[in-house]
Amino acid sequence: MQVTSTDTEIIQATREWLLRAVIGLNLCPFARSVESRGLVRYAICRAQTLAELLDDLENEALRLQAADPAVHDTTLLMLAHGQDEFLEFNFTVGEAERRLRALGLESVLQLASFHPHYQFAGEEPDDITNFTNRAPWPTLHLLREASIDKAVAAIPDPEEIYERNMETLRRLGTDGWHRVMSGQDSRLTPRKENIA
């Protein structure tokens, strides 16, 4: 018998990761603003096949494109079935990017990806820097290019974000990461009132 997580559990785990790691550790300096204003859509994909998954991604991409950015600025699409293997997920990301290009959205939306077993090329699986892209669920993140351009213009030295994130994770270490994710390290996690 297969035990499946409910949509509520998937969204809760992803939101805690966003608040504790991405925002709490300032891995993405643009995330706090959109999350605090309720502009992030958390969507669940329960597709059983790649074709169904790409159709779900297309629906979310078109929904984001049509939405008012003041109401819905970005989408996290969590993949609830399959995609457990990182290499399989990488293939899916490539297919997702091709779908966005086929829709003519390559200059409108950008796709970022996160996975529980994310591994940068050339890094060992347990290297702490991989955790900058590790989320509780395989996730496709749809972002508006216009919002990215606006956010980047407001931040000095945006090209240094990647290196700064690597250094943050190296200082934190694996034990520190687990403390942050469990909510045990209050210095590095958002205040309780930010976690609704």
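Refer to the structure presented above.
Conventions used here
Residues numbered from 1 in each chain as written. Predicted model: local features only at pLDDT ≥ 70, side-chain atom pairs only at ≥ 80, totals over all residues. Heavy atoms only, no water. Helix = DSSP H or I, 4+ residues; strand = E, 2+ residues; numbered from the N terminus. Rg over C-alpha atoms; globule rule 2.2 N^0.38 Å. Buried < 20%, exposed > 50% of the residue type's maximum accessible area, 1.4 Å probe, protein only. Polar contact = N/O pair within 3.5 Å; in protein donor to acceptor, adjacent residues only side chain to side chain. Phe/Tyr/Trp six-rings, centres within 6.5 Å; stacked < 30°, edge-to-face > 60°. Pairing = 2+ DSSP bridges. Axes fitted to C-alpha atoms, helices over the stretch in contact; angles between N-to-C directions. Contact = heavy atoms within 4.5 Å. Expected span 1.5 Å × (residues − 1). Bend = angle between axes of the 7 residues up to and from the residue. Core = buried A, V, L, I, M, F, W, Y, C linked by side-chain atoms within 4.5 Å. Patch = residues over 30% accessible without salt bridge, like charges linked within 9 Å, V, L, I, M, F, W, Y side chains within 5 Å. Areas by Shrake-Rupley, 256 points an atom, 1.4 Å probe, with all protein chains shown as cover. Salt bridge = Lys/Arg side-chain N within 4 Å of Asp/Glu carboxyl O. Lys, Arg positive; Asp, Glu negative; His and termini not counted. Charge placed at Lys NZ, Arg CZ, Asp CG, Glu CD.

> Report on the overall build of the protein, specifying residues and quantitative values.
Helices and strands together make up the secondary structure of the protein, namely six helices and four strands. The order of α-helices and β-strands along the protein, N terminus first, is α-α-β-α-β-α-β-β-α-α. For 196 residues, the compact-globule estimate of 2.2 N^0.38 gives 16 Å, and the C-alpha radius of gyration of the protein, at 16 Å, lies within 12% of that figure. Over its C-alpha atoms, taken along the principal directions, the protein stretches across nearly 45 × 40 × 35 Å. Taken across its 196 residues, the protein has 45% of its residues classed as buried.

> Before we move on, could you go through the side chain of T75 and cite the residues and values that matter?
Locating T75 in the fold gives a position in strand β2 (residues 74-79). Relative accessible area serves as the criterion here: at 0%, T75 is assigned to the buried category. A polar atom in the side chain of T75 sits 2.7 Å from the side chain of H72.

> Give a description of the packing of aromatic side chains that names residues and reports values.
Taken as a whole and assessed by the stated rule, the structure comprises five aromatic pairs. Judged by centre distance (5.1 Å) and plane angle (70°), the ring pair of Y118 and F120 falls under edge-to-face. Owing to a relative accessible area of 13%, Y118 belongs among the buried residues under this scheme. In this structure F120 comes out as buried when scored by relative accessible area, which is 17%.

> Describe the sheet that holds strand β3 (residues 109-114), and please don't skip the residues or the numbers.
Strand order in the open sheet made by the four strands is β1-β2-β4-β3, with mixed pairing throughout. Each of the sheet's edge strands pairs with one partner strand only, and the pair in question is β1 (40-45) and β3. Adjacent strand axes in the sheet meet at a mean angle of 20° when their direction is disregarded. In terms of strand pairing, β3 meets strand β4 (residues 139-144) through six bridges, oriented antiparallel. Across the sheet, residue Q110 finds its bridge partner in β4, namely L143. Strands β1, β2, β3 and β4 of the sheet are contacted by helix α3 (residues 50-66), whose axis makes an angle of about 25° with β4. Those strands touched by helix α4 (residues 86-102) are β2, β3 and β4, and its axis lies near 170° from that of β3.

> Talk me through helix α6 (residues 161-182); I want residue IDs and the actual numbers.
If you check α6, its first and last C-alpha atoms are just 24 Å apart, much less than what 22 residues at 1.5 Å a residue would give, namely 32 Å. The largest bend along α6 measures about 95° and falls at G173. Buried within α6 are the following residues: I161, N165, M166, T168, L169, L172, G173, G176, W177 and V180. Close packing links the buried residues of α6 with α1 (7-23).

> Describe the environment of L79, and please don't skip the residues or the numbers.
Relative to the assigned elements, L79 resides in strand β2. With ten residues separating them along the chain, L79 and F89 place their C-alpha atoms 9.8 Å apart. With residues near it in sequence (within four places) discarded, L79 still touches C45, L53, F89, W137, P138 and L140.

> Go over the nonpolar core, please, and point to the residues and values.
Ranked by size, the top nonpolar core spans 26 residues in total, and within it W17, L18, L25, Y42, M78, L169 and W177 carry the most contacts. Secondary structure elements with two or more residues in this core: α1, α2 (31-36), β1, β2 and α6. Top element by residues in this core is α1. It accounts for seven residues. Filtering out sequence-adjacent residues up to four positions away, W17 remains in contact with V22, F114, R134, A135, P136, W177 and M181.

> Can you lay out a negative patch on the surface for me, pointing to particular residues and giving the numbers?
Together, D157, E159, E160 and E163 give the surface a local cluster of negative charge. The residue E163 is located in helix α6 in this model.

> Can you break down unusual backbone geometry residue by residue, with the values?
In this structure, N26 takes a positive phi of about 55° despite not being glycine. With respect to the helices and strands, N26 occurs in the loop between α1 and α2. Overall, N26 belongs to the partly exposed group, its relative accessible area being 44%. Of note in this structure, Q83 is not a glycine but carries a positive phi near 60°.

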